[in-house]
Amino acid sequence: MDTVRLVIDGKEVTTAAGNTILMAARQAKIHIPTLCYHPRLPVSGACRVCVVEVEGRPALVASCAMPVAEGMVVHTKTERVLRARRLVVDLLLASGDHNCLLCQSNGSCELQDLAYELGIESFRFPVDSPGYPKDTSNAMIERDLNKCILCGRCVRACNEVQVNEVIDFGYRGGKAKIVTAWDLPYGESECVFCGECVSVCPTGALTERQAKFKARPWKLQKVRTTCAYCGVGCQLELNVAEGQVVKVTSDYRYGPPNFGSLCVKGRFGYDFIHHPERLKTPLVREKDSFREASWDEALELVAKKFSEIRSRYGADALAGLTSAKCTNEENYLFQKFFRAVLGTNNVDHCARL
Ligand code: FES
């Protein structure tokens, strides 16, 4: 592998050729703030928050888009750099309704963190919020375009990671915004509600509706687990507050198989967990109704019925169908039980249907 040596903030750094200045800085544990950059997405270099000074270059450069070069000397925290970053954030704060007090993402907002990091204490420019109505047209994702900073992360996530191609930039200048086809509300668009856009949004522009007012971000405990909806084995995080799952997220750093992506079921289909109608005990049918039973009673009843059917009609009168929601181990045990215990090969799996 070809390597390149450069100096960042006085520190000698060796990195792979083709890496950007941002990647090299992160390898060397040198912090450069970003907004439109996301490690899972193609680089767009749009926001200019990551600008740095490179000796010999007249203009500041976007470190997320600029490849390293042998002998490059980079400064990430000069007064000129910090002034440029502050200007970007001041303009973003003035162009929307960034009232953190009323924002669902308060405490997990990259714009908020950046304003704090840059020591911004007040609004430098008059705030000119576009006054868009909130889009609450579907049950899963809430869109508040007044909090959108047009970083384009959601657009790249939708078009280039999920390849759903539902959203893009629309209109021009101060009227620019992220739109669906024909500027329809999310609920009426072609959106499949995978929530990839929500997962990469750095502000409160895209949030999970079901999680609204359930818990502040700093009260959430994240528990990594495997999605139970199908056999792919996607890695996700249950966001738990006071013993209740209030949100499901994922993280690209978990790697395969999903690299942080989820489908609509994995991300939003968790209301069954605490649903009052969820079955918690076995039910035994009695004439036209069901009554609750213990597991011992239910299993004994099933075993008795299986034996009766087998002795009366033979083992092949029984058949078992198992599910992709089970683990491989459970599916293995299921077929073993049917073949070795009940004595029939009549066993199948929903994935083949
Ligand atoms: Fe580099 Fe936005 S993070 S330009």
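A tally of helices and strands in the protein chain yields 8 helices and 16 strands. Taking 353 residues into account, the globule formula puts the C-alpha radius of gyration at 20 Å, and the protein chain, at 27 Å, lies well above it. Its C-alpha atoms give the protein chain principal-axis dimensions of about 90 × 50 × 40 Å. Within the span of the protein chain, comprising 353 residues, buried residues form 42% of the whole. Long-range contacts, defined as pairs at least 24 residues apart, comprise 57% of the intrachain contacts of the protein chain with a sequence gap of at least 6. Summed over all atoms, the accessible surface of the protein chain reaches about 20,500 Å², with 54% contributed by carbon and sulfur. Separation between the mean location of the 45 positive side-chain charges and that of the 41 negative ones in the protein chain comes to 1 Å.

The next thing to look at is the pattern of salt bridges. For side chains of opposite charge, pairing can occur when their charged atoms come near one another. Applying the stated criterion across every chain yields a total of 19 salt bridges. In this structure, Glu142 and Lys212 form a salt bridge, with 3.0 Å as the shortest nitrogen-oxygen distance. A residue pair is termed long-range when its members are at least 10 positions apart, and Glu142 in strand E6 (residues 141-143) and Lys212 in the loop between strand E9 (206-208) and strand E10 (221-226) qualify at 70 residues. Under the relative-accessibility criterion, Lys212 is labelled partly exposed at 26%. Residues joined by salt bridges that share partners form a network here, namely Lys134, Glu142, Arg209 and Lys212.

This part covers the environment of Thr344. You can see Thr344 is positioned in the loop between helix H8 (328-342) and strand E16 (347-349). According to the relative accessible area criterion, Thr344 is buried, its value standing at 1%. Sequence-wise, Thr344 and Asp316 are 28 residues apart; in three dimensions their C-alpha atoms are separated by 5.4 Å. Here Asp316 takes part through its side chain, which lies 2.8 Å from a polar atom of the side chain of Thr344.

As a further point, take the packing of helix H2 (residues 79-94) against helix H3 (residues 110-117). Contact geometry for H2 and H3: axes closest at 10 Å, N-to-C directions at 130°. The pairing of H2 with H3 is recorded here as oblique in orientation. Once H2 is placed against H3, the crossing between them reads as left-handed. From H2, Val89, Leu92 and Leu93 reach across to H3, where they touch Leu111, Leu114 and Ala115.

Attention now goes to the sheet that holds strand E12 (residues 244-249). Strands sit in the order E10-E11-E12 across an open sheet of 3 strands; the sheet is antiparallel. Edge positions in the open sheet fall to E10 and E12, since each of these has one partner strand only. With strand direction ignored, the average angle separating the axes of adjacent strands in the sheet is 35°. Pairing geometry for E10 and strand E11 (residues 235-241), over 6 bridges, is antiparallel. Across the sheet, residue Gln221 finds its bridge partner in E11, namely Val240.

Turning our attention to the sheet that holds strand E4 (residues 61-62). Two modes of strand pairing occur in sheets, parallel and antiparallel, and in both the strands are linked by backbone hydrogen bonds. Across the sheet, which stays open at both edges, the 5 strands sit in the order E2-E1-E5-E3-E4 with mixed pairing between neighbours. Of all the strands in the sheet, just strand E2 (11-16) and E4 have a single pairing partner and so form its edges. In the sheet, strand E3 (residues 51-54) pairs with strand E5 (residues 73-75) via 2 bridges, with the strands oriented antiparallel. Its bridge partner being in E5, Glu53 is matched across the sheet by His75. Along the sheet, H2 contacts E3 and E5; its crossing angle with E3, the most-contacted strand, is approximately 155°.

As paired strands, E3 and E4 are joined by 2 bridges and run antiparallel to one another. The residue bridging Val51 from the neighbouring strand is Ala62, located in E4.

We now examine the side chain of Glu196. Tracing the sequence through the fold places Glu196 in helix H5 (residues 196-200). Among the polar contacts listed, one links the side chain of Glu196 to the side chain of Gln162, at a separation of 2.8 Å. Discounting residues that sit within four places of it in the chain, Glu196 has contacts with Arg40, Ala157, Val161, Gln162, Ser261, Leu262 and Arg267.

Looking now at H8. Across its 15 residues, H8 extends 20 Å between first and last C-alpha, which sits within 8% of the 21 Å expected from 1.5 Å per residue. Taken as a whole, H8 has its buried residues at Asn331, Gln335, Phe338 and Leu342. If you follow the buried residues of H8, they end up packed against helix H7 (295-313), strand E15 (320-322) and E16.

For the peptide bond that leads from Pro256 to Pro257, omega is 5°, which places it in the cis range. Mapped onto the fold, Pro257 is located in the loop between E12 and helix H6 (264-268).

Procedures and definitions
Residues numbered from 1 in each chain as written. Predicted model: local features only at pLDDT ≥ 70, side-chain atom pairs only at ≥ 80, totals over all residues. Heavy atoms only, no water. Helix = DSSP H or I, 4+ residues; strand = E, 2+ residues; numbered from the N terminus. Rg over C-alpha atoms; globule rule 2.2 N^0.38 Å. Buried < 20%, exposed > 50% of the residue type's maximum accessible area, 1.4 Å probe, protein only. Contact = heavy atoms within 4.5 Å. Areas by Shrake-Rupley, 256 points an atom, 1.4 Å probe, with all protein chains shown as cover. Lys, Arg positive; Asp, Glu negative; His and termini not counted. Charge placed at Lys NZ, Arg CZ, Asp CG, Glu CD. Salt bridge = Lys/Arg side-chain N within 4 Å of Asp/Glu carboxyl O. Polar contact = N/O pair within 3.5 Å; in protein donor to acceptor, adjacent residues only side chain to side chain. Axes fitted to C-alpha atoms, helices over the stretch in contact; angles between N-to-C directions. Parallel < 35°, antiparallel > 145°, perpendicular 65-115°, else oblique. Left-handed = near helix turned anticlockwise from the far one by under 90°. Pairing = 2+ DSSP bridges. Expected span 1.5 Å × (residues − 1).

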